[in-house]
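Residue-level listing of the chains:
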Amino acid sequence: DDDFFRYARAFQQADLVLFAAPYWDLSFPSILKIWVENMYVRNLTFRYENDRCIGLCRGREAVYITTSGSPIGENDWGSGYMRAVMNALGISNFTSLSAEGLDLEGNHADTILAEAKQRVLQAAQNLLYP
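What counts, and at which threshold
Residues numbered from 1 in each chain as written. Predicted model: local features only at pLDDT ≥ 70, side-chain atom pairs only at ≥ 80, totals over all residues. Heavy atoms only, no water. Helix = DSSP H or I, 4+ residues; strand = E, 2+ residues; numbered from the N terminus. Buried < 20%, exposed > 50% of the residue type's maximum accessible area, 1.4 Å probe, protein only. Contact = heavy atoms within 4.5 Å. Areas by Shrake-Rupley, 256 points an atom, 1.4 Å probe, with all protein chains shown as cover. Phe/Tyr/Trp six-rings, centres within 6.5 Å; stacked < 30°, edge-to-face > 60°. Salt bridge = Lys/Arg side-chain N within 4 Å of Asp/Glu carboxyl O. Pairing = 2+ DSSP bridges. Axes fitted to C-alpha atoms, helices over the stretch in contact; angles between N-to-C directions.

Draft legend 1. Up close: the overall build of the chain. When you go through the chain residue by residue, the secondary structure sums to four helices and five strands. Scanning the chain from its N terminus toward the C terminus, one meets helices and strands in the order α-β-α-β-β-β-α-β-α. A principal-axis box enclosing the C-alpha atoms of the chain has dimensions of 55 × 35 × 30 Å. Residue burial in the chain is summarised as follows: out of 130 residues, 35% are buried. Within the chain, contacts between residues at least 6 apart in sequence are counted, and of these 72% link residues at least 24 apart. Roughly 8,400 Å² of accessible area belongs to the chain as shown, and the carbon and sulfur atoms make up 52% of that amount.

Draft legend 2. Just the side chain of Ser79, in detail. Along the chain, Ser79 falls in helix H3 (residues 77-88). With a relative accessible area of 5%, Ser79 lands in the buried category. Those residues in contact with Ser79, other than ones at most four positions away along the chain, are Tyr64, Phe94 and Ser96.

Draft legend 3. Expanded view of the packing of aromatic side chains. In total, this model carries seven aromatic pairs according to the counting rule given. Relative to Trp35, the ring of Phe19 lies with its centre 5.3 Å away and its plane at 75 degrees, an arrangement referred to as edge-to-face. Taken together, the residues Phe19 in strand S1 (residues 16-20) and Trp35 in helix H2 (residues 30-39) connect sequence positions 16 residues apart. A relative accessible area of 6% places Phe19 in the buried class. Taking relative accessible area as the criterion, Trp35 reaches 28% and is therefore assigned partly exposed. Consider the rings of Phe28 and Tyr81, whose centres lie 5.8 Å apart with planes at 50 degrees: the pair is tilted. In this pair, Phe28 sits in the loop between S1 and H2 while Tyr81 sits in helix H3, placing the two residues 53 residues apart along the sequence. Ring pairs connect the aromatic residues Phe11, Phe19 and Trp35, which therefore count as one cluster.

Draft legend 4. Structural detail: the pattern of salt bridges. One pass over the structure, following the stated rule, counts four salt bridges. Across the salt bridge formed by Asp3 and Arg6, the nearest N and O atoms sit 2.9 Å from each other. The partly exposed category is assigned to Arg6, whose relative accessible area is 36%.

Draft legend 5. Layout of the pairing of strand S3 (residues 52-55). Of the strand pairs in this sheet, strand S2 (residues 46-49) and S3 are connected by four bridges, and their pairing is antiparallel. Counted as the bridge partner of Glu49 is Arg52 from S3. Here S2 folds back onto S3 in antiparallel fashion, the turn holding two residues, of which Asn50 has a positive phi close to 60 degrees.

Draft legend 6. How the structure looks around the sheet that holds strand S5 (residues 94-99). Strand order in the open sheet made by the three strands is S1-S4-S5, with parallel pairing throughout. Looking at the sheet topology across the chains shown, the edges are occupied by S1 and S5. Strand-to-strand twist of the sheet, defined as the mean angle between neighbouring strand axes without regard to direction, takes the value 10 degrees. In this structure, S1 lies alongside strand S4 (residues 61-67), joined through five bridges in parallel fashion.

Dropping the structure here:
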């Protein structure tokens with residue numbers, strides 16, 4: 001019941017979780033990792049059953065949005081990590097969206113962002129009206 005866990009309690013009750021973080025060093029900024037560490041609260045967001053972690057979060061969806069100056073390709077470890085975390089905490093439906101190559105010469109950042117915005121809006125529409 002400690003106030004320290006208020007964000008973990010809110011997370012545990014959330015229907016939908018949305019993350020937006022830039023792609024940094026093959027992942028995301030460290031502050032997001034610190035947030036994740038604060039969400040792992042035994043008997044609140046997960047519990048152990050025998051030797052297995054059981055997620056206790058009630059959320060039905062998690063969406064991860066990222067941007068990068070170069071192509072991410074197979075090195076999207078941030079998205080993979082967040083997918084694994086959400087699954088461990090009980091949220092198995094995970095969508096990852098990105099706007100990549102924003103800093104490459106010859107690429108049109110405005111066009112890339114506009115296309116990414118359309119994918120985000122479509123994902124939001126699918127979440128609201130499945």
